[in-house]
Each structure stands twice: as structure tokens, then as C-alpha cells.
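Descriptive structure summary
Residues per chain are reported as follows:
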Amino acid sequence: MSEERGKINYTVACVSEFAKKYGLNLTESFQFLFQYKAIEFLKENYDIEHTLSLDDALEDMMTICQKNGGTLATVVNKMIFKKTTSQYSFHTEKALRLLKKAGIL
């Protein structure tokens, strides 16, 4: 595996584990880590970080985010609905078949 591929796989693993640890989905985790410079930190310090335990790497990432103004409260605040909305979800196969039959899909 190339070094570039190793960095990508490591970053994906870190984003995923960060999401699990802090109760975020993958998109929220990536956006938080990118905005507060933890992704950049991983890229720049891959040679050292990938030799550490994943828990140590996650701790380092949170420290970098906090130094750059990011806290989990910032993530939670972005998730709070500002106003109510009406949303419909069609996640069943039956609903999808009906939408196709109606010509919507």
C-alpha cells in the first residue's frame, strides 16, 4: 500500500472513531475535525500519530480542535433545529415502489 493510501485510510479510521466516541455521524465528525484543523494536524503529523494508540490520536485531535476554538458544544448547537419543518421520509421498499409507480422517481 502506498504511503498516500495509508494516510487516507488512517484519516478515515480516525474520523470514524471520533464520530463513535463523541456520538456524531460521519459528516458531523469530518466537518468538525476539518473546521478546527484536526484533519490538517493528522496530515502533517501522520508519521508520529499513526504509531500511537487510536485513543491517544483521538485525544490529540480533540486537543487541536479545542486550541482552534472547537468544542463539542459547537457541534451540538449546529444540530439544534432553529425552526420546525415538515419532512417526509420514504425509506421502505414499498414506499419507493409506490413513488416509482406514481412517476415521482
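Parameters at a glance
Residues numbered from 1 in each chain as written. Predicted model: local features only at pLDDT ≥ 70, side-chain atom pairs only at ≥ 80, totals over all residues. Heavy atoms only, no water. Axes fitted to C-alpha atoms, helices over the stretch in contact; angles between N-to-C directions. Helix = DSSP H or I, 4+ residues; strand = E, 2+ residues; numbered from the N terminus. Parallel < 35°, antiparallel > 145°, perpendicular 65-115°, else oblique. Left-handed = near helix turned anticlockwise from the far one by under 90°. Contact = heavy atoms within 4.5 Å. Nonpolar A, V, L, I, M, F, W, Y, C, P; charged D, E, K, R; others polar. Salt bridge = Lys/Arg side-chain N within 4 Å of Asp/Glu carboxyl O. Buried < 20%, exposed > 50% of the residue type's maximum accessible area, 1.4 Å probe, protein only. Expected span 1.5 Å × (residues − 1). Arc of directions from axis to C-beta.

1. Let's talk about the packing of helix 1 (residues 3-22) against helix 2 (residues 26-35)
At a closest axis distance of 8 Å, the pairing of helix 1 and helix 2 adopts a crossing angle of 110 degrees. Looking at the two axes, helix 1 sits roughly perpendicular to helix 2. Relative to helix 2, the crossing made by helix 1 is right-handed. Seen from helix 1, the contacting residues are Val15, Ser16, Phe18 and Ala19; seen from helix 2, they are Leu26, Ser29, Phe30, Phe32 and Leu33. A class-by-class count of the residues in the contact of helix 1 with helix 2 yields 7 nonpolar, 2 polar and no charged.

2. Here's the deal with the packing of helix 1 against helix 5 (residues 54-67)
Axis separation between helix 1 and helix 5 bottoms out at 10 Å; the angle between their running directions is 80 degrees. In terms of axis orientation, helix 1 runs roughly perpendicular to helix 5. Touching Tyr10, Cys14, Glu17, Phe18, Lys21 and Tyr22 of helix 1 are Leu54, Ala57, Leu58, Met61 and Met62, all from helix 5. Split into classes, the residues belonging to the contact of helix 1 with helix 5 amount to 9 nonpolar, no polar and 2 charged.

3. Some words on the pattern of salt bridges
Taken as a whole and assessed by the stated rule, the structure comprises 2 salt bridges. Here Lys7 ties to Glu3 by a salt bridge, and the two come within 3.8 Å at their closest N and O atoms. Remark: Glu3 and Lys7 occur in helix 1; sequence separation between them is 4 residues, near one turn of the helix. When its relative accessible area of 24% is taken as the criterion, Lys7 is described as partly exposed.

4. Some points on helix 5
A rise of 1.5 Å per residue sets the reference length of helix 5, with its 14 residues, at 20 Å; its end C-alpha atoms lie 20 Å apart and thus fit the reference within 8%. For helix 5, the set of buried residues is Ala57, Leu58, Met61, Met62, Ile64 and Cys65. Summarising the axial view, the buried residues of helix 5 lie within an arc of 160 degrees, below the 170-degree limit, and thus occupy one face. Exposed and facing more than 90 degrees away from the buried side of helix 5 are Asp55, Glu59 and Lys67. Of the residues one or two after helix 5, Gly69 is the one with positive phi, at around 95 degrees.

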